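Listed below are the residues making up each chain.
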Amino acid sequence: MDYKDLANVIFPYVKDISYYEEKYPRRNLPEGAVVTRFAPSPTGFVHIGGLYQSVIAKKIANQTGGVFFLRIEDTDQKREVEKGVTGIIDALKEFGMSPDEGMINEDEYVGNYGPYKQSLRKEIYQAYAKYLIEKGDAYPCFCKQEQLDEMRAKQENAKLRTGYYGVWSKCRHIPVNEAIQKINDGEDYIIRFKSQGREDKKIKHHDVIKGNIDFPENDQDIVIIKADGLPTYHFAHAVDDHLMGTTHVIRGDEWLSSVPLHLQLFQSLGFKSPKYAHIAPIMKEENGAKRKLSKRKDPEAAVSYYAEVGIPEEAVDEYLLNIANSNFEQWRRQNQDAKMEEFELQLNKMSVSGALFDIVKLCDISKRVISKYTKEEVYEKALNWAKKYDKHLEELLEKNKEYSLKVLGIERGNLKPRRDIGKWEDVKENIIYMYDEEYFKEKPQYEFQKITDKEEIKNIINTYIEEYFDINDDKETWFNKIKDLSEKFGYARETKEYKQNPDNFKGHIGDISTVIRICLTGRANTPDMFEIMKVLGKESVIKRLKMAIEKL
RNA sequence: GGCCCGUUGGUAAAGCGGUUAAUACACCGCCCUUUCACGGCGGAGACAUGGGUUCGAGUCCCGUACGGGUCACCA
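In short, a report on the structure. (Residues numbered from 1 in each chain as written. Chains lettered and ligands numbered in written order. Predicted model: local features only at pLDDT ≥ 70, side-chain atom pairs only at ≥ 80, totals over all residues. Heavy atoms only, no water.)

## Some points on the state of the cysteines
- Tallied over the entire structure, the rule returns zero disulfides.
- Among the cysteines around cysteine 171, which has no disulfide bond, cysteine 143 carries the closest sulfur, lying 3.6 Å off. (Disulfide = S-S within 2.5 Å.)

## What to know about the sheet that holds strand β4 (residues 109–110)
- As summarised here, the arrangement of the four strands in space is β1-β2-β3-β4, forming an open sheet in which the pairing is mixed. Edge strands, defined here as strands with exactly one partner in the open sheet, are β1 (35–38) and β4.
- Two strands pair when backbone bridges link them, and β1 and strand β2 (residues 67–70) are joined in this way by four bridges, in the parallel orientation. Each residue of the ladder has a partner; that of valine 35, found in β2, is valine 67.
- Sitting on the sheet, helix α3 (residues 48–63) is in contact with β1 and β2, with an inclination near 160° to β1. (Pairing = 2+ DSSP bridges. Helix = DSSP H or I, 4+ residues; strand = E, 2+ residues; numbered from the N terminus. Contact = heavy atoms within 4.5 Å. Axes fitted to C-alpha atoms, helices over the stretch in contact; angles between N-to-C directions.)

## Regarding the pattern of salt bridges
- For the structure on display, the rule yields 43 salt bridges.
- With a closest N to O distance of 2.8 Å, arginine 198 and aspartate 200 form a salt bridge.
- Residue arginine 198 is classed as partly exposed on the basis of its relative accessible area of 45%.
- Using a relative accessible area of 54% as the deciding quantity, one classes aspartate 200 as exposed.
- Notably, a salt bridge pairs lysine 488 with glutamate 467, separated by 2.6 Å at the nearest N-O pair. With lysine 488 in helix α20 (residues 475–488) and glutamate 467 in helix α19 (residues 454–468), the pair connects residues that are 21 residues apart, well separated along the chain.
- The class for lysine 488 is partly exposed, based on a relative accessible area of 48%.
- In this structure, a network of salt bridges that share partners links the residues Arg37, Arg71, Glu73, Arg121, Asp240 and Asp241. (Salt bridge = Lys/Arg side-chain N within 4 Å of Asp/Glu carboxyl O. Buried < 20%, exposed > 50% of the residue type's maximum accessible area, 1.4 Å probe, protein only.)

## Concerning the protein's contact with RNA strand B
- In the region of RNA strand B, 59 residues are neighbours, and Arg152, Lys202, Lys226, Lys361 and Arg418 sit closest.
- Among all atoms of RNA strand B positioned within 4 Å of the protein, those belonging to sugar or phosphate total 72%.
- Within the side chain of threonine 75, one N or O atom sits 2.7 Å away from a phosphate oxygen of RNA strand B.
- Contributions of two or more residues to the surface near RNA strand B are made by α6 (145–157), β6 (190–193), β8 (211–216), α12 (328–334), α13 (359–371), α20, α21 (495–500) and α22 (509–521).
- Of the residues forming the surface near RNA strand B, the biggest block, five residues, is contributed by α22.
- Split by residue class, the surface near RNA strand B holds 20 nonpolar, 14 polar and 25 charged. (Near = heavy atom within 4 Å. Polar contact = N/O pair within 3.5 Å; in protein donor to acceptor, adjacent residues only side chain to side chain. Nonpolar A, V, L, I, M, F, W, Y, C, P; charged D, E, K, R; others polar.)

## So, a negative patch on the surface
- Taken together, the side chains of Glu314, Glu376, Glu377 and Glu380 define an acidic patch exposed on the protein surface.
- A per-element tally of the negative patch places helix α14 (residues 375–389) first, with three residues.
- Position of glutamate 314 among the secondary structure elements: in helix α11 (residues 313–324). (Patch = residues over 30% accessible without salt bridge, like charges linked within 9 Å, V, L, I, M, F, W, Y side chains within 5 Å. Areas by Shrake-Rupley, 256 points an atom, 1.4 Å probe, with all protein chains shown as cover. Lys, Arg positive; Asp, Glu negative; His and termini not counted. Charge placed at Lys NZ, Arg CZ, Asp CG, Glu CD.)

## Observations regarding the sheet that holds β6
- With antiparallel pairing, the three strands of this open sheet are ordered in space as β5-β6-β9. Two strands lie at the open edges of the sheet, namely β5 (138–141) and β9 (223–225), each paired on one side alone. The mean inter-strand angle of the sheet, taken between neighbouring strand axes irrespective of direction, is 45°.
- Pairing between β5 and β6: four bridges, direction antiparallel. Of the residues in β6, the one forming a bridge with cysteine 141 is isoleucine 190.

## Describing the pairing of β8
- In this structure, strand β7 (residues 202–207) lies alongside β8, joined through six bridges in antiparallel fashion. Of the residues in β8, the one forming a bridge with lysine 202 is proline 216.
- The hairpin formed by β7 and β8 contains three residues between the paired strands.

## Quick word on the packing of aromatic side chains
- Throughout the structure, instances matching the rule amount to 23 aromatic pairs.
- On the numbers, 6.4 Å between centres and 40° between planes, the contact of tyrosine 20 with tyrosine 128 is tilted. Linking tyrosine 20 in helix α2 (residues 17–23) with tyrosine 128 in helix α5 (residues 122–135), this pair joins segments that are 108 residues apart in sequence. In this pair, the class of tyrosine 20 matches that of tyrosine 128, namely buried.
- An angle of 50° between the planes, with centres 5.9 Å apart, marks the rings of tyrosine 464 and phenylalanine 469 as tilted.
- For tyrosine 464, a relative accessible area of 1% gives the class buried.
- Residue classification places phenylalanine 469 among the buried positions, given a relative accessible area of 12%.
- Counting every residue linked through ring pairs, the aromatic cluster contains Tyr19, Tyr20, Tyr128, Phe266 and Phe271.
- For lysine 15, the ring lying beneath its charged end belongs to tyrosine 19, and the centroid distance is 4.9 Å.
- The ring of tyrosine 24 is capped by arginine 121, whose NZ or CZ atom sits 5.8 Å from the centre of that ring. (Phe/Tyr/Trp six-rings, centres within 6.5 Å; stacked < 30°, edge-to-face > 60°. Lys NZ or Arg CZ within 6 Å of the ring centre and 35° of its normal.)

Structure, rendered in structure tokens:
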């Protein structure tokens with residue numbers, strides 16, 4: 001009896017690995033093309049860190065003429081969630097990160113290296129496990145959970161390294177015929193990797209992001225096939241990334257310490273190992289301590305959060321890209337209208353330690369992104385958001401589309417667009433005073449600034465309405481009239497004039513404009529007043545101004 | 001605890017043995033300006049710490065502190 005017999009007893013029906021090696025030939029890609037993947041578990045929640053990985057992986061693949069694929073790692077069936085795969089696919093799509101190949105819904109896929117869902121590849125893993133058993137590089141382990149717990153307790157008491165290695169790896173030394181006997185007797189078992197590593201020896205590894213790292217060799221006989229016949233992450237990673245032709249494994253740096261094991265697995269299986277790029281996680285500060293963004297505590301950890309508050313997906317993408325390569329924002333300033341895709345990402349320029357998530361910075365980026373949108377785009381995107389999250393805003397926008405477009409178009413599309421909307425959530429507050437039905441319903445509070453004398457305000461407004469206001473004026477005429485009005489009341493026509501001789505005036509044109517602005521809109525800060533008047537129309541302007549002075 | 005990794009203004013982050021230690025966001029001031037925003041100019045603010053190596057250290061080496069990761073039939 002030898003290893004081959006043992007392998008046959010355990011996996012009598014699986015195919016030979018040569019079948020899979022032929023079925024999944026090496027990819028025919030140009031020199032330098034990088035193949036990457038996003039490989040999440042369908043646990044019902046796409047984390048911002050997962051998106052971050054995807055942004056990087058997709059970018060690297062695309063800019064080298066390679067492939068970015070999506071593989072679902074559902075080998076832990078306990079954690080699986082209904083419609084988890086669809087959730088991931090939809091989220092990637094929303095953020096423009098759809099893969100070139102991989103799963104396209106719960107159980108269908110595109111691409112030549114599928115299935116791209118691990119639970120559907122069970123027999124593939126088993127074929128390779130069988131191969132390892134035949135080689136004597138894997139063996140069945142009959143240890144019960146209680147035995148393992150006991151062993152761990154002993155190790156801890158003796159202050160030894162925990163785990164299944166060296167003298168502790170009992171089943172590793174069971175003779176083949178004995179093992180076969182146990183299996184035939186119906187004993188439960190799992191398959192372990194027979195590590196040839198030695199803890200006192202070092203291996204050198206070069207990580208694309210983290211640089212050179214020395215590790216002790218792995219000497220743990222880790223589980224490769226679990227009791228349910230499915231592989232563990234480590235084994236599936238080796239088999240899948242080999243068969244699928246992944247050239248660069250881009251993943252979270254919680255995997256860094258598994259590298260010695262993974263390298264060993266690749267070697268033992270006779271695979272060429274991929275390059276590794278371990279990404280530092282996105283962190284959050286709490287009570288002075290840094291920690292990973294947590295799905296339980298931090299709403300911003302879920303990518304769905306950004307849709308809720310109304311931050312455009314491309315703003316999130318750009319923010320993530322900026323965390324990845326901080327020279328992105330410099331590039332962005334120089335290439336304002338270029339597509340994000342044109343930026344060249346460099347893995348080796350990524351930070352080795354985790355960046356704190358900065359929502360203020362994100363909003364700044366978002367404001368810039370939104371300021372570039374046309375009024376039609378703003379209208380459509382804000383409306384889409386409002387349909388889900390703000391019924392009132394939805395009504396407002398839909399009731400009069402043409403009018404809303406005019407409102408949203410104020411100071412938009414010119415050389416210095418306003419940057420006052422960071423999230424769709426902000427839109428309502430920004431435009432609501434422009435709608436008469438809302439404006440007159442709300443009864444604005446007028447908080448005057450420099451000119452506060454009621455009689456003075458009344459006179460200014462009345463004079464403006466009676467002698468100067470004409471909705472048909474062009475901007476220059478309109479503005480000259482405000483100047484005339486200012487002069488008439490003893491205010492300087494120009495700010496400069498006033499500053500040169502403040503004693504000669506009661507104030508300057510800015511003070512007069514502010515009074516009109518406040519009476520017109522109920523607020524001191526608004527976009528260009530001329531445009532506002534044009535949009536509001538004659539009747540509304542007069543009605544608003546009159547209402548303001550009546551209340552004085 | 002063992003093993004890895006890290007630590008430059010509030011945040012992100014250039015820097016690669018010789019720099020007045022960039023830049024962006026945030027903050028403050030000024031200018032522009034009918035307000036705000038935009039834009040322009042300016043300001044405050046940092047190399048965790050102790051030892052080496054060197055003519056010279058943010059940069060190289062060692063220690064310490066602090067932070068992060070990892071040590072499952074989870075990924």
